[in-house]
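Secondary and tertiary structure notes
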Amino acid sequence: MNGQTKPKVLIVYYTLTKQSGRVADAIAAALDVRGYDVAKALIEFTDERWVPKLSQFPMDRPFPQIASILTAQLRHKTGEIRIPPEAEGGDYELVLLASPTWWFQTSMPIRSYLESPAAKAVLDGKAFATASISRRYYRFNLGQQKKLGEKAGGEFVDKTHFVVAGGQVKSMLSWLGYMKHGEPQERVAGLKMPLPNLKPDYEAQARTFVDDVADKVFGRPAAA
Ligand SMILES: Cc1cc2nc3c(=O)[nH]c(=O)nc-3n(C[C@H](O)[C@H](O)[C@H](O)COP(=O)(O)O)c2cc1C
């Protein structure tokens, strides 16, 4: 960038069980390698209607606790959040959004942010890209992040999704076992389990994604 000011890039994310946080860190590291001025903003979920049940880890009764927010998620409700100053405003040239999937949808905390005036202040006229982090389902989550980001004035660039290993049934059993016991379970109901969280290559996936997005927004860096 030859002494010019570095482009400012913001990562806005929410994480309950640290997986989107790991993705946000990997995205930040990849942006850093490209020499950008990177800020990370973790949206805090503060809504007393759901936080006490959802934030327990391990969970006493994973299924009912996770299902406590099902109806609100399907109805696209918003809830109380705390927005860090980095995501209230600032002249960013690119914004990366990362949300877990909750009941097929964008998680309530990220939806609440994207529907807030702060998101409009940050995204209006700016390029943005989206990431879904989930056990298996990402399509609606990514579609909703795109729609809400565009409603806030952003210009959509690209998307990616991070999912776990294993098929429908085993990945669900493995994940519920993890939520119940607080650590990956080798076997559930006599079946050998895949790992419940991000695949081992998630950092490489984040680097490829960042390179694709950054090439589109800022152009390819000159060869060294
Ligand atoms: C309330 C809730 C609902 C979820 N619903 C889904 C879902 O519908 N589909 C899916 O693939 N994963 C679902 N998951 C799993 C998460 O998307 C997955 O574990 C993700 O990695 C969590 O990200 P985090 O660690 O950043 O919170 C759900 C998790 C929670 C807590």
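Worth saying up front: this structure is predicted, and the values here are computed from it rather than measured.

The subject of this paragraph is the overall build of the protein chain. On a plain count of helices and strands, the protein chain comes out with 9 helices and 10 strands. Taken over the C-alpha trace, the protein chain has a radius of gyration of 18 Å; the compact-globule value for 224 residues is 17 Å, and the two agree within 12%. In terms of overall dimensions, the protein chain has a C-alpha envelope of 60 × 40 × 25 Å along the principal axes. In the protein chain, of all internal contacts separated by at least 6 residues, the share reaching a separation of at least 24 is 78%.

Counting 48 residues, the largest nonpolar core has I11, V12, I27 and V95 as the members making the most contacts within it. Aside from chain neighbours lying at most four places away, what touches V12 is A41, I43, A87, V95, L97 and Y113.

Turning next to the domain arrangement of the protein chain. In terms of domain boundaries, the protein chain breaks down into domain 1 (8-163 + 199-218) and domain 2 (166-198). The straight-line distance from the C-alpha centre of domain 1 to that of domain 2 is 24 Å. Counting residues at the interface gives 12 residues for domain 1, matched by 11 residues for domain 2. For the side of domain 1 that touches domain 2, the secondary structure elements donating two or more residues are α1 (19-33) and α3 (62-67). Across the side of domain 1 that touches domain 2, the residue classes break down as 7 nonpolar, 1 polar and 4 charged.

So, about the site of the ligand. The environment of the ligand is formed by 20 residues, the closest being T15, T17, Q19, S20 and P100. When contributions to the shell around the ligand are tallied by element, the ones reaching two or more residues are α1 and β5 (94-102). A per-class count over the shell around the ligand returns 10 nonpolar, 7 polar and 3 charged.

A word on the pairing of strand β1 (residues 8-13). Across the 6 residues of β1, 5 count as buried, placing the element largely inside the fold. Of the pairings in the sheet, the one linking β1 to strand β2 (residues 37-42) comprises 6 bridges and is parallel in character. Looking across to β2, one finds that V12 is bridged to A41. What joins β1 to β2 is α1, and the crossover it makes is right-handed. Pairing of β1 with β5 involves 5 bridges; the strand directions are parallel. By the bridge assignment for β5, L10 is matched with V95.

A word on helix α7 (residues 139-151). Because each turn of an α-helix spans 3.6 residues, side chains separated by three or four positions end up pointing in the same direction. Helix length check: α7 (13 residues) gives 18 Å between terminal C-alpha atoms against 18 Å at 1.5 Å per residue, within 8%. When α7 is considered as a whole, its buried residues turn out to be N141, L142, Q144, Q145, L148 and G149. Along the axis of α7, the buried positions cluster into a sector of 165 degrees, meaning they face one direction only. Where the residues of α7 are buried, they touch β5, β6 (105-106), α5 (108-114), α6 (117-123), β7 (127-133) and β8 (155-162). Downstream of α7 by a residue or two, G153 has a phi angle that is positive, lying close to 100 degrees.

You can see V122 is positioned in helix α6. Taking the C-alpha atoms as reference points, V122 and A87, separated by 35 residues in sequence, lie 6.8 Å from one another. Ignoring anything within four residues of it in the chain, the contact list for V122 reads L10, A87, G89, G90, Y92 and V95.

Glancing now at the packing of α1 against helix α9 (residues 202-218). Two elements in contact, α1 and α9, have axes whose closest approach is 9 Å; the angle formed by their N-to-C orientations is 50 degrees. When the interaxial angle is binned, α1 and α9 end up oblique. The handedness of the crossing between α1 and α9 comes out as right-handed. From α1, R22, V23, A26, I27, A30 and L31 reach across to α9, where they touch Y202, E203, A206, R207 and V210. Looking at side-chain class alone, the contact of α1 with α9 contains 8 nonpolar, no polar and 3 charged residues.

What counts, and at which threshold
Residues numbered from 1 in each chain as written. Predicted model: local features only at pLDDT ≥ 70, side-chain atom pairs only at ≥ 80, totals over all residues. Helix = DSSP H or I, 4+ residues; strand = E, 2+ residues; numbered from the N terminus. Rg over C-alpha atoms; globule rule 2.2 N^0.38 Å. Contact = placed C-beta atoms within 7 Å. Core = buried A, V, L, I, M, F, W, Y, C linked by C-beta atoms within 7 Å. Buried ≥ 20, exposed ≤ 12 C-beta atoms within 10 Å, placed from the backbone. Domains from an automatic or database assignment. Nonpolar A, V, L, I, M, F, W, Y, C, P; charged D, E, K, R; others polar. Near = placed C-beta within 6 Å. Pairing = 2+ DSSP bridges. Right-handed = clockwise from strand over helix to strand, strands pointing away. Expected span 1.5 Å × (residues − 1). Arc of directions from axis to C-beta. Axes fitted to C-alpha atoms, helices over the stretch in contact; angles between N-to-C directions. Parallel < 35°, antiparallel > 145°, perpendicular 65-115°, else oblique. Left-handed = near helix turned anticlockwise from the far one by under 90°.

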